[in-house]
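Here is what each chain is made of, one letter per residue.
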Amino acid sequence: MALCAKKRPPEEERRARANDREYNERFQYASNCIKTSKYNILTFLPVNLFEQFQEVANTYFLFLLILQFRHKSDNQVNNRQSQVLINGILQQEQWMNVCVGDIIKLENNQFVAADLLLLSSSEPHGLCYIETAELDGETNMKVRQAIPVTSELGDISKLAKFDGEVICEPPNNKLDKFSGTLYWKENKFPLSNQNMLLRGCVLRNTEWCFGLVIFAGPDTKLMQNSGRTKFKRTSIDRLMNTLVLWIFGFLVCMGVILAIGNAIWEHEVGTRFQVYLPWDEAVDSAFFSGFLSFWSYIIILNTVVPISLYVSLTSCTLCSVEVIRLGHSYFINWDKKMFCMKKRTPAEARTTTLNEELGQVEYIFSDKTGTLTQNIMVFNKCSINGRSYGDVFDVLGHKAELGERPEPVNFSFNPLADKKFLFWDPTLLEAVKMGNPHTHEFFRLLSLCHTVMSEEKNEGELYYKAQSPDEGALVTAARNFGFVFRSRTPKTITVHEMGTAITYQLLAILDFNNIRKRMSVIVRNPEGKIRLYCKGADTILLDRLHHSTQELLNTTADHLNEYAGEGLRTLVLAYKDLDEEYYEEWAERRLQASLAQDSREDRLASVYEEVESDMMDKLQQGVPETIALLTLANIKIWVLTGDKQETAVNIGYSCKMLTDDMTEVFIVTGHTVLEVREELRKAREKMMDSSRTVGNGFTYQEKLSSSKLTSVLEAVAGEYALVINGHSLAHALEADMELEFLETACACKAVICCRVTPLQKAQVVELVKKYKKAVTLAIGDGANDVSMIKTAHIGVGISGQEGIQAVLASDYSFSQFKFLQRLLLVHGRWSYLRMCKFLCYFFYKNFAFTMVHFWFGFFCGFSAQVTVYDQYFITLYNIVYTSLPVLAMGVFDQDVPEQRSMEYPKLYEPGQLNLLFNKREFFICIAQGIYTSVLMFFIPYGVFAEATRDDGTQLADYQSFAVTVATSLVIVVSVQIGLDTGYWTAINHFFIWGSLAVYFAILFAMHSNGLFDMFPNQFRFVGNAQNTLAQPTVWLTIVLTTVVCIMPVVAFRFLKLNLKPDLSDTVRYTQLVRKKQKAQHRCMRRVGRTGSRRSGYAFSHQEGFGELIMSGKNMRLSSLALSGFTTRSSSSWIESLRRKKSDSASSPSGGADKPLKG
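Residues numbered from 1 in each chain as written. Predicted model: local features only at pLDDT ≥ 70, side-chain atom pairs only at ≥ 80, totals over all residues. Heavy atoms only, no water.

Where an unreviewed UniProt entry is consulted, the protein chain appears under the name Phospholipid-transporting ATPase, with the organism given as Balaenoptera physalus. UniProt lists a comment for the protein chain under the heading Catalytic activity (unreviewed entry), and it reads "ATP + H2O + phospholipidSide 1 = ADP + phosphate + phospholipidSide 2." Quoted verbatim from the Cofactor (unreviewed entry) heading of the UniProt record, the comment on the protein chain is "Mg(2+)". (UniProt positions renumbered as here; feature names shortened; annotations may be inferred.)

Caption draft 1: View of the overall build of the protein chain. Each helix and strand counted, the protein chain has 40 helices and 35 strands in total. Of the roughly 50500 Å² that the protein chain leaves accessible, carbon and sulfur atoms contribute 57%. (Helix = DSSP H or I, 4+ residues; strand = E, 2+ residues; numbered from the N terminus. Areas by Shrake-Rupley, 256 points an atom, 1.4 Å probe, with all protein chains shown as cover.)

Caption draft 2: Broad picture of a nonpolar patch on the surface. A cluster of nonpolar side chains, contributed by Val975, Leu979, Val1039, Val1043, Met1047 and Val1050, occupies part of the molecular surface with about 440 Å² of accessible area. Elements that contribute at least two residues to the nonpolar patch include exactly helix H32 (958-980) and helix H36 (1032-1059). Of the residues forming the nonpolar patch, the biggest block, four residues, is contributed by H36. Along the chain, the position of Val975 falls in helix H32. We classify Val975 as partly exposed; its relative accessible area is 32%. (Patch = residues over 30% accessible without salt bridge, like charges linked within 9 Å, V, L, I, M, F, W, Y side chains within 5 Å. Salt bridge = Lys/Arg side-chain N within 4 Å of Asp/Glu carboxyl O. Buried < 20%, exposed > 50% of the residue type's maximum accessible area, 1.4 Å probe, protein only.)

Caption draft 3: Quick peek at the sheet that holds strand S1 (residues 14-17). Here four strands make up an open sheet; going across it, the order is S1-S8-S9-S10 and the pairing antiparallel. Two strands bound the open sheet, and with one partner strand each, they are S1 and strand S10 (187-191). The mean inter-strand angle of the sheet, taken between neighbouring strand axes irrespective of direction, is 20°. Where strand S9 (residues 180-184) and S10 come together, five bridges link them in antiparallel fashion. Following the sheet pairing, Tyr183 is matched in S10 by Lys188. (Pairing = 2+ DSSP bridges. Axes fitted to C-alpha atoms, helices over the stretch in contact; angles between N-to-C directions.)

Caption draft 4: Seen up close, the packing of aromatic side chains. For the structure shown, the criterion picks out 61 aromatic pairs. A ring pair is formed by Phe849 and Tyr869, whose centres lie 5.0 Å apart and whose planes are at 10°; its orientation type is stacked. Residue Phe849 is located in helix H26 (residues 819-857), and its partner Tyr869 is located in the loop between H26 and helix H27 (871-881); the two are separated by 20 residues in the primary sequence. Under the relative-accessibility criterion, Phe849 is labelled buried at 0%. Taken together through their ring pairs, the aromatic side chains of Phe854, Trp855, Phe856, Phe858, Phe859, Phe862, Phe937, Phe938, Tyr941, Phe944 and Phe961 make up a single cluster. For Arg80, the ring lying beneath its charged end belongs to Phe111, and the centroid distance is 4.8 Å. Above the face of the Trp184 ring, Lys185 is positioned so that its terminal group lies 4.4 Å from the ring centre. (Phe/Tyr/Trp six-rings, centres within 6.5 Å; stacked < 30°, edge-to-face > 60°. Lys NZ or Arg CZ within 6 Å of the ring centre and 35° of its normal.)

Caption draft 5: Local environment of the sheet that holds strand S12 (residues 202-204). Within the open sheet, the three strands sit side by side as S7-S6-S12. Their pairing is antiparallel. In this open sheet, the two edge strands, each paired with only one partner strand, are strand S7 (141-145) and S12. Taking each pair of neighbouring strands and ignoring which way they run, the sheet shows an average axis angle of 45°. Across three bridges, strand S6 (residues 127-131) lies against S12 in antiparallel orientation. Counted as the bridge partner of Glu131 is Val202 from S12.

Caption draft 6: Just unusual backbone geometry, in detail. Positive phi, normally seen in glycine, also occurs at Asn634, with a value near 65°. Counting through the fold element by element, Asn634 comes out in the loop between helix H18 (623-632) and strand S28 (636-640). In this structure Asn634 comes out as partly exposed when scored by relative accessible area, which is 34%. Non-glycine residue Phe862 carries a positive phi angle of around 55°. Along the polypeptide, Phe862 turns up in the loop between H26 and H27. Classification of Phe862 by relative accessible area gives buried; the value is 11%.

Caption draft 7: Just the packing of H26 against helix H31 (residues 919-946), in detail. Two numbers describe how H26 lies on H31: the axes approach to 7 Å, and their chain directions differ by 40°. By the angle between their directions, the pair H26 and H31 is classed as oblique. The chirality of how H26 crosses H31 is right-handed. Judged by residue contacts, Cys840, Phe843, Tyr844, Phe847, Ala848, Met851, Val852, Trp855 and Phe856 of H26 engage Phe922, Cys925, Ile926, Gln928, Gly929, Ile930, Thr932, Ser933, Val934, Met936, Phe937 and Phe938 from H31. By residue class, the composition of the contact of H26 with H31 is 17 nonpolar, four polar and no charged. (Parallel < 35°, antiparallel > 145°, perpendicular 65-115°, else oblique. Left-handed = near helix turned anticlockwise from the far one by under 90°. Contact = heavy atoms within 4.5 Å. Nonpolar A, V, L, I, M, F, W, Y, C, P; charged D, E, K, R; others polar.)

Caption draft 8: How the structure looks around the confidence of the model for the protein chain. Within the protein chain, residue pLDDT values average 80, and 80% of them lie at 70 or more. For the stretch residues 1-6, pLDDT sits under 50, and the model shows nine contacts to residues farther than four places along the chain or on other chains. Within the model, the stretch residues 692-710 combines pLDDT values under 50 with 27 contacts to residues more than four positions away or in other chains. (pLDDT = per-residue confidence, 0-100.)

Caption draft 9: Region of interest: a negative patch on the surface. Residues Asp579, Glu581, Glu584 and Glu585 make up a contiguous surface patch of negative charge. In this fold, Asp579 is placed in the loop between strand S26 (572-578) and helix H16 (580-594). (Lys, Arg positive; Asp, Glu negative; His and termini not counted. Charge placed at Lys NZ, Arg CZ, Asp CG, Glu CD.)

Caption draft 10: Structural context of the pattern of salt bridges. Scanning the model with the defined rule gives 42 salt bridges in all. Residue Arg829 is joined to Asp895 by a salt bridge in which the shortest nitrogen-to-oxygen separation is 2.7 Å. A residue pair is termed long-range when its members are at least 10 positions apart, and Arg829 in helix H26 and Asp895 in the loop between helix H28 (883-892) and helix H29 (898-903) qualify at 66 residues. With relative accessibility at 6%, the residue Arg829 sits in the buried group. Here the salt bridges do not stand alone but share partners, grouping Glu441, Arg444, Glu497, Lys529, Arg531 and Asp577 into one network.

Caption draft 11: Molecular detail of the state of the cysteines. Here the structure, examined in full by the defined rule, presents zero disulfides. The closest cysteine sulfur to the non-disulfide-bonded Cys449 is located on Cys534, 6.4 Å from its own sulfur. Here Cys840 is not disulfide-linked; the sulfur of Cys925 is the nearest cysteine sulfur, at 3.6 Å. (Disulfide = S-S within 2.5 Å.)

Caption draft 12: Main features of helix H8 (residues 286-300). Its 15 residues place the ends of H8 20 Å apart at the C-alpha level, agreeing with the 21 Å of an ideal helix rising 1.5 Å per residue. Here H8 has its buried residues at Ala286, Ser289, Gly290, Ser293, Phe294, Tyr297, Ile298 and Ile300. Of the surrounding elements, those touching the buried residues of H8 are helix H7 (235-268) and H26. (Expected span 1.5 Å × (residues − 1).)

Caption draft 13: Broad picture of empty space enclosed by the protein. Considering only enclosed or pocket space, the second largest cavity measures out at about 90 Å³ in volume. Together, Tyr869, Asp870, Phe873, Tyr881, Gln959, Ala962, Val963, Ala966, Tyr999, Leu1003 and Met1006 line the second largest cavity. Where the lining of the second largest cavity is concerned, the elements lending two or more residues are H27, H32 and helix H33 (986-1006). Ranked by residue count, the leading element in the lining of the second largest cavity is H32, at four residues. Residue composition of the lining of the second largest cavity, grouped by class: nine nonpolar, one polar and one charged. (1 Å grid on protein atoms, 1.4 Å probe; cavity = no way out; pocket = protein on both sides within 12 Å on 5 of 7 lines; lining within 4 Å. Points joined across faces, edges and corners; volume = space filled by probe spheres on them.)

Caption draft 14: Broad picture of the environment of Ile992. Here Ile992 is to be found in helix H33. Overall, the relative accessible area of 1% leaves Ile992 in the buried class. Each C-alpha atom of the pair Ile992 and Val886 lies 8.6 Å from the other, and the pair is 106 residues apart in sequence. With residues near it in sequence (within four places) discarded, Ile992 still touches Pro885, Ser974, Ile977, Gly978, Thr981 and Trp984.

Caption draft 15: Region of interest: the side chain of Glu169. Among the structural elements, Glu169 can be located in the loop between strand S8 (165-168) and S9. A relative accessible area of 18% places Glu169 in the buried class. Among the polar contacts listed, one links the side chain of Glu169 to the side chain of Asn172, at a separation of 3.1 Å. Apart from residues lying up to four places away in sequence, Glu169 is in contact with Arg14, Lys177, Phe178, Ser179, Phe215 and Lys221. (Polar contact = N/O pair within 3.5 Å; in protein donor to acceptor, adjacent residues only side chain to side chain.)

Caption draft 16: How the structure looks around the side chain of Ser974. You can see Ser974 is positioned in helix H32. A residue is classified by how much of its surface remains accessible, and Ser974, at 5% relative accessible area, is buried. Apart from residues no more than four positions distant in its own chain, Ser974 is found in contact with Tyr841, Ile992 and Leu996.

Structure representation (structure tokens):
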């Protein structure tokens, strides 16, 4: 298989000529073939060997090479079909064969094959609509437009003659930037990002379009943001490398000691027995005998090196860390509580090497859009003229929770209602039906003040094309309550109000931007009355209301505060009547401002400000609870999002990351290095000033080193949060300021980074990895999160509505953020606990087994030709006798049930502090193993020196001694693993007691007459096991050895449990006390926030749509024709409502962010 791309020199600029492959091939641009797999057939062996040999123990074997091809996914993408214009004819080509300079035709709902310059489309003026979920995680549609000179090239023959040349910037990862120039017909035309269709986008609501390939394959912005696939290893793996080296050294030391002993023994004693114990022919001295003895003992004692810890291939049985990790991965995949029924999506462990690392996470870096939120907008509540709608109350007057609410409001009276829309408070619909003027004005504003486009494919089937989910939700709400936006032209808007078609003249759209934070429309109704309708942020609009509305303003502000406290996005609506003369004067000033050559935007903003004076995203379920639990587990959560500050901060409050009880929320918005440094310095000073434990003399003049990062700042009193914008973060991440930023951020309880690029996300993660030496986890859902996911120790992808790029790059994936608490607090903690217990026991049993050989060397003339155990026991010890019990413990063990793991998040902290397996624990295990080996050898040795059989003959012979020691060893290590097992299953019982039974079965079989008859040279000691184990003295020796080896462990654990129990001990004790009681589950109740006013405004409007609509460039002929439709026969239901109204005494008092009259 050929590689998809070759190493090329960096580009200074890119040239691409349309319909000229021969010209473009001279530049050796990358093909459109992509490669996301770590290996291919050529690189698999060398690269995988290099990665596997990062683990020192793996130098012993080559069989643990697991090919993790992603080529299947790559091939599915590379083999997609695309229509390419070749020699004047559209031909089907695979994506991998698309080249720079090709002209491609895309059709509705197709993925964009490469980074294209939009040439023309089926829409007027070369417009097209795209969805960029794969790139930035946003599902709202965006508009792209061809430059006018190419927008008419919709005909194949014209496109075939197009020979324009594009000169542009080289490949880069900036998703929102593009700079280039088109040279055609001796003219040049500027190109921007608005003219580009990027790979990974999907064409929406556009029948077809043509594009010129500018960047292909690895040069596309999607792939430039994917980052390099890294080989991730756990902290335990890295520690194991060090320990294995130490064990190698210990093995060499034992070999040297025994070799020296052999040389001395042969020199002093061995020379006297040359007659019947001659040296081998090659041995001519005691020194050389010791040299050979060294290598022999290295072989005999090699079991002390944990080769079988990784994989044991002495036989066909496989017992390894990898098997345990594989089991843990399957538990994650099979977890029904992490299965999303709505999307039919299970959790998936996409790697088997990082499970125990899930139990050691200290920092979580999360995207916002689609990760913490669902990217779904729902009209939830409203306040109209001082009355709040949206809450439902039971018979006792208590507010009903979502699961306790009755059936939603029935909108069947409205044939144009959206059946997917749900609202729970019937009083709002009653107010609309009764003709309440305030509610009518409220929904009239929502149906007029927007930039939504409507499409009616069949009679009564409306489809709204909204540039953001926010606008779509608001217009849909108005539609269901009887104010149906039906169609628009550049100069009119047609709305069906309670069944009656009314056409408003659209006089002006005062477009949204991030500074104004509002948009307005000026319309003239059929009666000739001119009115301005405005919607925007409460912090902006409340200051623009007429002073006569102060009482209503206070009531509405209280409602806004309540809504924001519940995590809802908020928006204020207002209106103002304009007289004809004033409007004419204002329209003239607006025209002059729009024609100004300099400061055009500022002049328009001033005109808009004049006329506008006097006058919800839903969180994913379980997000606040998840963040609260993870915070209690001492896990710090940072939000890294491309969204604007208002959106990110609002979500921060909704998630309870930010609260009004916080001492202070620092917002860093500096545009220069000095400004950012000063803002960070002031933040640190304020934290230090409020701290009681630190004096006021703290200065930050010295250059911080990584060893000083755990500073006094992290112990300051009070709770703080840090919000920093992308342009400020760029300065904060510079080499001379990154430590100051990190120190300030780590002292805060919550950190939110807004408007950050994919590269900045990865840089923040790398910064924490570099200096904090903590395990990091990154979670996201879009292609803009891929670099962050690959940089973190653990990457988690949310398989939601935003494509699969994040999932493909991740180590674990699931569909909802709330599953993260279970992944970490249950599966991660258990995996860490199991792996640590497995490793401790493994080292213990191996040292207990191997060190007996060492002690025996001092009593056998240091002869490496004789071992304590027979060769079959040595072979079967790690594979049969002790492999399955430790495997069962490593796969199934748990200290507390899963419910308790969730109830007591502090149980997670031992993993963060690395308490269960570290160098200290390693030496304790080694010491226990050596202690066991000493008793295992010397107790039987002492007994056998004087003991006799029942018939009075000497008990001490080599085979009887070997059987006794081996039996004692198997029993002791079996009892030890029984003590270590915290959670007994049928599998544990079967493996532990079954292994003992298998040992005795094999022992008696190997000393039986049957095997001797078949293999007399291999099984010579017939009946030895039966005779030895028939002696009471032997069993007393075995029992004594077992008790002496185990009792210190039992005594230590008993004293620890009573004198210094840890949290898991306390939880287990509580579990026993409450065993007969029903498990009490902690219910996290939502508490409404009180305190200062906070804006809940966070809507994702975009600038430019108002001008686009007023120009008519995005209007279809069918849309224009809709405005001329006569009133349809949908008013029958309204007559009954009017009759009902006439029978009613009065309409209910009602209210809103009323269209507040100025």
